[in-house]
Amino acid sequence: MFEQVFTLIKQYDTIVIHRHSSPDGDALGSQIGLKYILQDNFPDKKVYVVGDEAKRYAFMDGSVMDEIPDETYQGALAIVLDCGASHLISDERYKTAAATARLDHHIYAEKIADVEVVDTSYESCCGLVTELALESGLRLSPASAKALYTGMVTDSGRFRYDSTTSNTFRLASALMEQKFDTNDIYAQLYADDFTAVKLRAQFVLKIQFTDYRVAYIYTTKEELPTYGVDTFTISRGMVNTMGDIRGVDIWVNFTETEDKILVEIRSNKYNINPIAVKYGGGGHAKASGASVPDKATAMALLDDLNAYNKGV
């Protein structure tokens, strides 16, 4: 499956690895993990990772991005990870590389690179990168395995989501053959200080319901500064405060910014991706997102989710 990608990797002496902006654990884990794999197996190659700050995932070793000049892309290979839409890629300079490749597990939306491996059967892009290493005979190390395992854990919801398969555990087992401390990962991912606990409590109290039990939270741009955290923490971080309510199968988090409204949609049963796509977004069958221009459009999206829930 990865023959063409591996051929490009062997061909180019300079490789720049990209992923989507506002990275989650899978985006960073796949990016960092692939960097370590390439450095371990091709020590003569120059390998860089680029993009915006890690923020919530800054605890991950290797999460500080490289700062490289434009000339680095001349005669280089750019690899894009964990991104289904070109406008979401952090650092557009990938377009100036001599060749491009993509590994992704999102629902296909558009062609981004010269060579692409897009497979939605993988729970994470980290799973795809692990598969690339195993299939291509590339050596894993504790550092690469830890980064990939971190992303696999976050995108599978600690192996709870139904995207988790026997293949997920096969790949996780291969990673765990390397010596790294899983307790260190879990402590950083899931241990919260009291401020974060209080923040979640505030958002639990904001939950509302449509007539057909779609749960939703709406945060205005005026409210945002009062929480003392970044927009990503509110938008992506608070969506799953609605995820374990009995009788709620679809939930959505709306977060206003100065120029748009961020929308995070989740379901534990249904494919909500077509509704995200209708509003210019995308993602996975049960976890998608979009950006809409105003509250009226956001409420139209909510109406569509409500109507969908009525009909199932």
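Preceding block: the structure.
Fair warning: this is a prediction, and the values are worked out from it, not measured in the lab.

(A) How the structure looks around the environment of Lys-10. Tracing the backbone through its elements, the reader meets Lys-10 in helix H1 (residues 3-11). With relative accessibility at 47%, the residue Lys-10 sits in the partly exposed group. In this structure the C-alpha to C-alpha distance between Lys-10 and Lys-45, which are 35 residues apart in sequence, comes to 9.3 Å. Those residues within four positions of Lys-10 in sequence are excluded, and the remaining contacts are Phe-42 and Lys-45.

(B) Here's a closer look at the side chain of Lys-35. Checked against the element boundaries, Lys-35 lands in helix H2 (residues 25-41). On the basis of relative accessibility, which here comes to 15%, the residue Lys-35 falls in the buried class. Setting aside its immediate chain neighbours within four residues, Lys-35 contacts Ile-17, Val-47, Val-49 and Asp-66.

(C) Inspection of the packing of H2 against helix H3 (residues 125-136) at higher detail. For the pair H2 and H3, the least separation of the axes is 8 Å and the interaxial angle reads 20°. Taken together, the axis directions place H2 and H3 in an arrangement best described as roughly parallel. As for how H2 packs across H3, the hand of that crossing is right-handed. Between H2, through Asp-26, Gly-29, Ser-30, Leu-34 and Ile-37, and H3, the contact on the second element is made entirely by Cys-125, Cys-126, Val-129, Leu-132 and Ala-133. Across the contact of H2 with H3, the residue classes break down as seven nonpolar, two polar and one charged.

(D) Structural detail: the packing of aromatic side chains. Tallied over the full model, the rule gives nine aromatic pairs. Residues Tyr-149 and Phe-180 carry aromatic rings whose centres are separated by 5.5 Å and whose planes lie at 55° to one another, so their mutual orientation is tilted. One end of the pair, Tyr-149, is in helix H4 (residues 142-155); the other, Phe-180, is in the loop between helix H5 (166-176) and helix H6 (182-190), with 31 residues separating them in the sequence. One exposure class covers both Tyr-149 and Phe-180, and it is buried. With a centroid separation of 5.4 Å and 35° between ring planes, the pair formed by Phe-159 and Phe-169 is classed as tilted. Of this pair, Phe-159 sits in the loop between H4 and H5 while Phe-169 sits in helix H5, placing them ten residues apart in sequence. Phe-169 gets classed as partly exposed once you look at its relative accessible area, which sits at 47%. The rings of Tyr-149, Phe-159, Phe-169 and Phe-180 are connected pair by pair, giving a single aromatic cluster. Directly above the aromatic system of Tyr-57 lies the positively charged group of Arg-56, at a separation of 5.4 Å from the ring centroid.

Cut-offs and rules
- Residues numbered from 1 in each chain as written.
- Predicted model: local features only at pLDDT ≥ 70, side-chain atom pairs only at ≥ 80, totals over all residues.
- Heavy atoms only, no water.
- Helix = DSSP H or I, 4+ residues; strand = E, 2+ residues; numbered from the N terminus.
- Buried < 20%, exposed > 50% of the residue type's maximum accessible area, 1.4 Å probe, protein only.
- Contact = heavy atoms within 4.5 Å.
- Axes fitted to C-alpha atoms, helices over the stretch in contact; angles between N-to-C directions.
- Parallel < 35°, antiparallel > 145°, perpendicular 65-115°, else oblique.
- Left-handed = near helix turned anticlockwise from the far one by under 90°.
- Nonpolar A, V, L, I, M, F, W, Y, C, P; charged D, E, K, R; others polar.
- Phe/Tyr/Trp six-rings, centres within 6.5 Å; stacked < 30°, edge-to-face > 60°.
- Lys NZ or Arg CZ within 6 Å of the ring centre and 35° of its normal.

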